[in-house]
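# Tertiary structure, described
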Amino acid sequence: MKSQVAVLATRPESVVDDYGRLMRLVKYDQVLPRDQDLILKLNLSWTKYFPACSSQPWQVDGVLKTLVDDGYDRARLFPVENKTVVTNPVEGCRNNKWEPVLRRHGVPFIPLPGVEWTVYRFKSPLLKLNRIFPEGIEIPKMYVGKNVLHECTVKTHGHSRTTGAIKNAFGGLLKEVRHYAHEFIHEVLVDLMYMQRELHPGVFAVMDGTVMGDGAGPRTMVPRVGNLILASADQVAIDAIAAK
């Protein structure tokens with residue numbers, strides 16, 4: 001079966017509804033069944049708002065509107081984000097205008113530092129992370145067995161060159177000391193795909209390119225208007241198309 005990536009041109013007046021059209025084009029509900037819990041992994045690259053830096057509020061709105069309109073139970077939707085040494089998820093949720101969107105759709109924001117973490121022994125042949133964290137890889141316990149939808153953006157990154165769906169898992173599956181893994185980021189990206197295959201029955205990505213981040217990513221970038229949005233169940237394919 002060939003991978004499919006949907007790419008739509010959009011505009012400010014229609015972008016929220018366009019997200020629904022985008023997701024349905026690639027039959028997202030076949031990857032993320034309604035009767036299973038769904039993690040909405042937001043992307044916070046900076047506590048401040050900066051174009052293309054983090055999940056856009058209209059992206060969060062479009063994804064949630066689509067899920068609710070299509071009959072997903074709000075009680076089974078879990079919007080999450082983690083902290084880093086330079087970001088605060090609660091402040092980031094407020095500054096990036098996710099807070100009013102989540103409230104309007106009746107779902108909570110879940111800062112991952114406040115949930116239970118557990119050492120998970122992965123069976124997959126990880127390339128680097130077992131050596132970086134020899135005491136064991138801690139992940140949020142709530143991740144195990146849930147589907148995940150990544151809400152990433154099209155932008156550059158100083159370590160991985162570009163960043164998108166695959167690297168968005170980096171922020172959820174590893175604790176704040178994950179910056180130690182940047183030295184081996186390309187092998188770690190492979191590890192993240194192995195890890196997600198073990199943890200999640202379904203993985204899906206919705207990427208915002210209404211404004212794309214160029215230059216010194218993932219924070220203080222040059223904003224480039226792209227007016228594109230992308231979606232796929234294949235993380236490698238969507239990242240490749242976004243980079244192209």
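Described below are features of the structure shown in this document. (Residues numbered from 1 in each chain as written. Predicted model: local features only at pLDDT ≥ 70, side-chain atom pairs only at ≥ 80, totals over all residues. Heavy atoms only, no water.)

### Topic: the packing of aromatic side chains
Keep this limit in mind: A pair of aromatic rings is counted whenever rings of Phe, Tyr or Trp (Trp by its six-membered ring) have centres within 6.5 Å, and the orientation is called stacked for planes under 30 degrees apart, edge-to-face for over 60 and tilted otherwise. Secondary structure is summarised from DSSP: a helix means a run of H or I of at least four residues, a strand means a run of E of at least two, and numbering begins at the N terminus for each. The buried label applies to any residue whose accessible area, calculated with a 1.4 Å probe on protein chains only, is under 20% of its type's maximum; exposed applies above 50%, and partly exposed to all values in between. Geometrically, a charge over a ring is one whose NZ (Lys) or CZ (Arg) sits within 6 Å of the ring centre while staying within 35 degrees of the ring normal.
Throughout the structure, instances matching the rule amount to five aromatic pairs. Ring centres of Tyr28 and Tyr72 lie 5.8 Å apart, and the angle between their planes is 25°; this geometry places the pair in the stacked category. Within this pair, whereas Tyr28 is found in helix H2 (residues 28-31), its partner Tyr72 is found in the loop between helix H3 (57-69) and strand S3 (77-81), the two being separated by 44 residues in sequence. With respect to burial, Tyr28 and Tyr72 carry one shared label: buried. Measuring from ring centre to ring centre gives 6.3 Å for Tyr28 and Phe204, while their planes differ by 55°; the resulting arrangement is tilted. Of this pair, Tyr28 sits in helix H2 while Phe204 sits in strand S9 (residues 203-214), placing them 176 residues apart in sequence. For Tyr28, a relative accessible area of 1% corresponds to the buried category. Above the plane of the ring of Phe78 lies Lys146, whose end atom (NZ or CZ) is 5.2 Å from the centre.

### Some remarks on the layout of surface pockets
Put simply, the rule is: Of the two site types, the cavity is a set of points on a 1 Å grid over the protein atoms alone where a 1.4 Å probe fits but cannot get out, and the pocket is an open set with protein on both sides within 12 Å along at least five of seven lines, each lined by residues with an atom within 4 Å of a point. Grid points are joined across faces, edges and corners, and a volume is the space filled by probe spheres set on the points. The classification used treats Ala, Val, Leu, Ile, Met, Phe, Trp, Tyr, Cys and Pro as nonpolar, Asp, Glu, Lys and Arg as charged, and all other residues, Gly among them, as polar.
Of the volumes computed, that of the largest pocket is approximately 450 Å³. Considering the residues around the largest pocket, the lining is formed by 28 residues, among which Thr84, His157, Lys167, His182 and Arg219 are closest to the centre. Looking at the lining of the largest pocket, the elements with two or more residues in it are strand S7 (147-157), helix H7 (165-168) and helix H8 (170-173). Class assignment of the residues belonging to the lining of the largest pocket gives a composition of six nonpolar, 15 polar and seven charged.

### Let's talk about the pattern of salt bridges
What counts is decided by this rule: We define a salt bridge as a side-chain nitrogen of Lys or Arg found within 4 Å of a carboxyl oxygen belonging to Asp or Glu.
Inspection of the entire model under this criterion finds 13 salt bridges. Here Lys146 makes a salt bridge to Asp37, at a shortest N to O gap of 4.0 Å. Residue Lys146 is located in the loop between strand S6 (137-140) and S7, and its partner Asp37 is located in the loop between H2 and strand S2 (38-41); the two are separated by 109 residues in the primary sequence. On the basis of relative accessible area, Lys146 is assigned to the buried category, the value being 14%. For Asp37, a relative accessible area of 22% corresponds to the partly exposed category. Among the ionic pairs, Asp61 bridges to Arg104, the shortest N-O distance being 3.4 Å. Here Arg104 lies in helix H5 (residues 98-105) and Asp61 lies in helix H3, a separation of 43 residues in the sequence. Overall, Asp61 belongs to the buried group, its relative accessible area being 11%. For Arg104, a relative accessible area of 54% corresponds to the exposed category. Each of Asp17, Lys65 and Asp69 takes part in a single network of salt bridges with overlapping partners.

### Brief notes about the packing of H3 against H5
The condition is simple: All axes are obtained by fitting lines to C-alpha atoms, using only the stretch in contact for helices, and the reported angles, taken between N-to-C directions, cover 0 to 180 degrees. Any angle that is under 35 degrees is reported as roughly parallel, and any over 145 degrees as roughly antiparallel; angles of 65 to 115 degrees are reported as roughly perpendicular and all others as oblique. Put simply, a crossing is left-handed when the front helix is turned counterclockwise from the back one by less than a right angle, and right-handed when it is turned clockwise. In what follows, residue pairs with any heavy atoms lying within 4.5 Å of each other are defined as contacts.
Here H3 crosses H5 at 15°, and the two axes come no closer than 9 Å. Considering the angle they form, H3 stands roughly parallel to H5. The two elements H3 and H5 meet at a crossing, and its hand is right-handed. Counting all contacts with H3, which are made through Pro57, Val60, Asp61, Leu64 and Lys65, the residues of H5 involved are Trp98, Val101, Leu102, Arg104 and His105.

### Section: the packing of helix H1 (residues 15-25) against H3
Between H1 and H3, whose axes approach to 8 Å, the crossing angle comes to 55°. Considering the angle they form, H1 stands oblique to H3. Considering only the axes of H1 and H3, their crossing is right-handed. Where H1 abuts H3, its residues Val15, Val16, Asp17, Tyr19, Gly20, Met23 and Arg24 lie against Trp58, Gln59, Asp61, Gly62, Val63, Lys65, Thr66 and Asp69. Along the lines of polarity and charge, the residues of the contact of H1 with H3 split into six nonpolar, four polar and five charged.

### Concerning unusual backbone geometry
Here the residue pair Gly217 and Pro218 is connected by a cis peptide bond, since its omega of 10° sits within 30 degrees of zero. With respect to the helices and strands, Pro218 occurs in the loop between S9 and strand S10 (222-232). In this model, Arg161 sits at a positive phi of 75°, which is unusual for a non-glycine residue. Position of Arg161 relative to the elements: it lies in strand S8 (residues 161-163). Phi is positive for Asn227, which is not a glycine, with a value near 50°. Tracing the backbone through its elements, the reader meets Asn227 in strand S10.

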